[in-house]
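In case you want the letters, here they are:
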Amino acid sequence: MNSIEFITSTKNFLSKEYFMKTHDLPLSVILLTHDQADILSMQISALECQRNIKASDFEIIVTDDSSKQSEILKIWDILSRTSLNCHLLQQRSDRFWATGARNNAIREARGNLLLFLDGDMIPEIDVLSKHVSMQNGQRNHIVAGHRLRRRIEFQSIEHTSEFDQVLKRFKNTGIFDPLIAQWQLNEERKRLEFLRSKHSWRIVLSCHMSVNASPEVLFDEYFKGWGPEDWELAYRLTQHHGYTVNFAPDIIAYEIDHLGQGIGNVFRLRTKQAIIDYLRNTFYFFDKCPGQEVEDVFWGLRKLELRDDSWIVTPNNKSCDLNQRVIETRRWLAINKHYEAMIT
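Computed from a prediction, not measured in an experiment: that's the story for all the values here.

*Asks:* Honestly, the pairing of strand 8 (residues 244-256) in this entry has me stumped. Any pointers?
*Replies:* Across three bridges, the pairing between strand 5 (residues 121-123) and strand 8 is antiparallel. Paired with proline 123 across the strands is alanine 253, a residue of strand 8. Across ten bridges, the pairing between strand 6 (residues 141-150) and strand 8 is parallel. Within strand 8, the residue paired with arginine 150 across the bridge is isoleucine 256.

*Asks:* Please clarify how the packing of helix 2 (residues 37-48) against helix 3 (residues 69-80) should be interpreted in this entry.
*Replies:* Relative placement of two packed helices is described by the angle separating their axes and the distance separating the axes. With their axes 9 Å apart at the nearest point, helix 2 and helix 3 run at an angle of 15 degrees to one another. Our classification of the angle between helix 2 and helix 3 gives roughly parallel. Our pair here, helix 2 against helix 3, has a crossing hand that is right-handed. Of the residues in helix 3, those in contact with Ala37, Leu40, Ser41 and Ile44 of helix 2 are Glu71, Lys74, Ile75, Ile78 and Leu79. When its residues are assigned to classes, the contact of helix 2 with helix 3 shows six nonpolar, one polar and two charged.

*Asks:* In this structure, what is going on with the side chain of serine 210? I would like to understand it.
*Replies:* In this fold, serine 210 is placed in strand 7 (residues 208-212). On the basis of relative accessible area, serine 210 is assigned to the buried category, the value being 0%. Polar contacts involving the side chain of serine 210 include one to the side chain of histidine 131, which spans 2.8 Å. Among residues more than four places away in sequence, those in contact with serine 210 are Leu113, Leu114, Leu115, His131, Gln135, His141, Ile142 and Val143.

*Asks:* Can you walk me through the sheet that holds strand 8 in this structure?
*Replies:* Read across the sheet, eight strands follow the order 3-2-1-4-7-6-8-5 without closing on themselves; strand pairing throughout is mixed. On the outer flanks of this sheet lie strand 3 (86-91) and strand 5, each paired with one strand and no other. On average, each strand axis in the sheet is tilted by 30 degrees relative to the strand beside it, whichever way the strands run. Across seven bridges, strand 1 (residues 25-33) lies against strand 2 (residues 58-65) in parallel orientation. Bridging from a neighbouring strand, leucine 31 pairs with valine 62 of strand 2.

*Asks:* Sorry if this is basic, but what is going on with the packing of helix 10 (residues 272-288) against helix 12 (residues 322-335) here?
*Replies:* At their nearest, the axes of helix 10 and helix 12 sit 11 Å apart, and the two run at 110 degrees to each other. By the angle class used here, helix 10 and helix 12 are roughly perpendicular. Crossing of helix 10 over helix 12 shows left-handed handedness. Contacts from Ile276, Leu279, Arg280, Phe283, Phe286 and Asp287 of helix 10 reach helix 12 at Val326, Thr329, Arg330, Trp332 and Leu333. Here the contact of helix 10 with helix 12 is composed, by residue class, of seven nonpolar, one polar and three charged.

*Asks:* Would you mind going over the confidence of the model for the chain with me for this structure?
*Replies:* Close inspection of predicted coordinates is inappropriate for parts of the model with low pLDDT. Mean pLDDT for the chain: 85, with 83% of residues reaching 70 or above. At the level of individual helices and strands, the chain shows its lowest average pLDDT in helix 1 (residues 16-20), which scores 49, and its highest in strand 7, which scores 98. Per-residue pLDDT stays below 50 along residues 1-16; that stretch engages in 46 contacts with residues further than four places along the chain or on separate chains.

*Asks:* I would appreciate a short explanation of the packing of aromatic side chains in the present structure.
*Replies:* For any two aromatic rings, the description comes down to two numbers: the centre-to-centre distance and the angle of the planes. Across all of its chains, the model carries eleven aromatic pairs by this definition. On the basis of an interplanar angle of 50 degrees and a centroid distance of 4.7 Å, the ring pair of phenylalanine 283 and phenylalanine 298 is categorised as tilted. In this pair, phenylalanine 283 sits in helix 10 while phenylalanine 298 sits in helix 11 (residues 294-298), placing the two residues 15 residues apart along the sequence. The pair phenylalanine 283 / phenylalanine 298 is uniform in exposure class, with both members buried. Consider the rings of tryptophan 311 and tryptophan 332, whose centres lie 5.8 Å apart with planes at 85 degrees: the pair is edge-to-face.

*Asks:* So what exactly am I meant to see when it comes to helix 7 (residues 178-195) here?
*Replies:* Working note: α-helix, 3.6 residues per turn, so residues spaced by three or four point in the same direction. Taking 1.5 Å as the rise per residue, helix 7 with 18 residues should run 26 Å; its terminal C-alpha atoms sit 26 Å apart, in good agreement. Within helix 7, the full set of buried residues consists of Ile180, Gln184, Glu187, Arg191 and Phe194. What you see down the axis of helix 7 is that its buried residues fit within an arc of 105 degrees, all on one side. Facing away from the buried side of helix 7 by over 90 degrees, the exposed positions are Pro178 and Leu185.

*Asks:* Please explain the pairing of strand 9 (residues 304-307) as it appears in this structure.
*Replies:* As a general feature of sheets, a regular strand has side chains that alternate between the two faces. Pairing between strand 9 and strand 10 (residues 310-313): four bridges, direction antiparallel. Across the sheet, residue glutamate 305 finds its bridge partner in strand 10, namely isoleucine 312. The antiparallel pairing of strand 9 with strand 10 creates a hairpin that spans two residues between the two strands, and aspartate 308 there sits at a positive phi of about 50 degrees.

*Asks:* How do you make sense of the pattern of salt bridges when you look at a structure like this?
*Replies:* Think of it this way: side chains of opposite charge can pair up when their charged atoms draw near. On inspection of all chains with the given rule, the structure shows 22 salt bridges. Among the ionic pairs, glutamate 193 bridges to arginine 189, the shortest N-O distance being 3.1 Å. Linking glutamate 193 with arginine 189, this pair stays in helix 7, spanning four residues, or about one helical turn. The exposure class assigned to glutamate 193 is partly exposed, which follows from its relative accessible area of 32%.

Rules behind the numbers
- For every chain, the first residue of the written sequence is number 1, and numbering continues from 1 onward in sequence order.
- Side-chain atom pairs in this predicted model are given and counted only at pLDDT of 80 or more, local residue features only at pLDDT of at least 70, and totals for whole chains, interfaces and linings cover all residues.
- Where side-chain values are given, they derive from all heavy atoms of the structure, hydrogens and water being excluded.
- Strands pair, by our definition, only if DSSP identifies at least two bridges between them.
- Only DSSP runs of H or I reaching four residues or more are called helices, and only runs of E reaching two or more are called strands; each is numbered from the N terminus.
- Fitted lines through C-alpha atoms give the axes, limited to the stretch in contact for helices. The angle between two N-to-C directions lies from 0 to 180 degrees.
- Every angle not falling under 35 degrees, over 145, or within 65 to 115 is termed oblique; those three ranges are roughly parallel, roughly antiparallel and roughly perpendicular.
- Left-handed describes a crossing whose near helix is turned anticlockwise from the far helix through less than a right angle; right-handed describes the clockwise counterpart.
- The contact criterion used throughout is that any non-hydrogen atoms of two residues lie within 4.5 Å.
- Under this grouping Gly is polar, as are all residues other than the nonpolar Ala, Val, Leu, Ile, Met, Phe, Trp, Tyr, Cys and Pro and the charged Asp, Glu, Lys and Arg.
- Remark: exposure states derive from per-residue accessible area (1.4 Å probe, protein chains only) relative to the maximum for the residue type, with buried under 20%, exposed over 50%, and partly exposed in between.
- The term polar contact refers here to a pair of N or O atoms within 3.5 Å; inside protein, the definition further demands a hydrogen-donor-capable atom paired with an acceptor-capable atom, and it admits residues adjacent in sequence only when both atoms are side-chain atoms.
- Per-residue confidence from the predictor is given as pLDDT, running between 0 and 100.
- Aromatic pairs are defined between Phe, Tyr and Trp rings, using the six-membered ring for Trp, whenever the two ring centres lie within 6.5 Å; interplanar angles under 30 degrees are classed as stacked, those over 60 as edge-to-face, and all others as tilted.
- The span expected for a helix works out to 1.5 Å for each residue beyond the first.
- As used here, the arc is the angular range of directions from the helix axis to the C-beta atoms.
- Only one rule defines a salt bridge in this text: a Lys or Arg side-chain nitrogen within 4 Å of an Asp or Glu carboxyl oxygen.

Quick look at the structure:
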């Protein structure tokens with residue numbers, strides 16, 4: 001394993017050295033992780049089994065977002081046992097900061113093509129070759145891969161020696177949790193709707209996407225906590241740099257429900273800081289990327305309610321006046337100095 005320890009700065013730009021750097025590999029696989037070493041071991045196993053691509057044609061960059069030291073030691077152990085070309089980058093932040101961690105990897109990547117996978121995504125054994133094939137000859141193009149949710153307890157597969165047996169579990173396990181099943185159906189329906197709309201860039205999810213390395217391919221590090229940082233990137237690349245997007249439902253990665261906790265997911269964590277970050281990120285995205293419908297951006301406000309100057313997660317209130325809630329929320333954020341915006 002080729003190891004790099006890298007502590008991030010808060011720079012939101014690429015250095016001159018990046019523009020002069022030679023991208024001498026076809027592909028860089030960027031794995032974002034936060035206290036997910038158990039799933040990382042399966043990700044590496046999946047990448048060791050990739051078909052129709054040589055191991056010498058790609059590198060793996062594990063970019064860690066403030067994991068516990070015990071998790072870092074596990075990561076080192078996992079990467080030390082593979083023959084794949086791997087690098088480990090680390091950052092320290094007071095909370096979930098995916099944009100910073102991904103940018104660390106972008107700055108270090110040697111691949112002409114960047115493939116992003118979140119720390120709970122297990123790729124099928126043909127994911128790398130399919131992304132490379134779809135991007136062949138393309139420059140300003142984003143490929144949005146498919147995400148299939150699976151709720152499999154890690155303990156039930158951690159001692160399985162052959163990865164193809166693990167993969168069979170992923171293929172054959174249905175979605176028994178009604179809530180997760182509904183999420184899956186809703187997401188697939190919405191992505192198809194987005195693809196046919198004027199906002200086709202909204203099919204892009206950073207948990208599974210590829211794009212060629214280029215100076216403009218960099219996440220906006222204003223986003224801290226859970227929020228639409230992937231949509232901001234997709235909007236900026238399509239609206240300002242002429243990129244096109246393509247949804248590839250046959251390029252599959254399985255999302256493992258990590259002990260029932262979505263990393264940074266405000267509707268699961270329900271903490272005050274997570275909710276504030278989500279609200280701040282959503283308004284920032286809406287203000288920075290004009291021309292969007294309130295319903296498309298602020299749907300999450302139907303699940304939040306202000307009580308005694310504190311936001312709580314509630315059942316989805318489809319009957320609420322969303323436009324009025326947006327006005328009230330913007331005012332609350334400004335008054336409490338969480339987001340410096342014009343009070344409407």
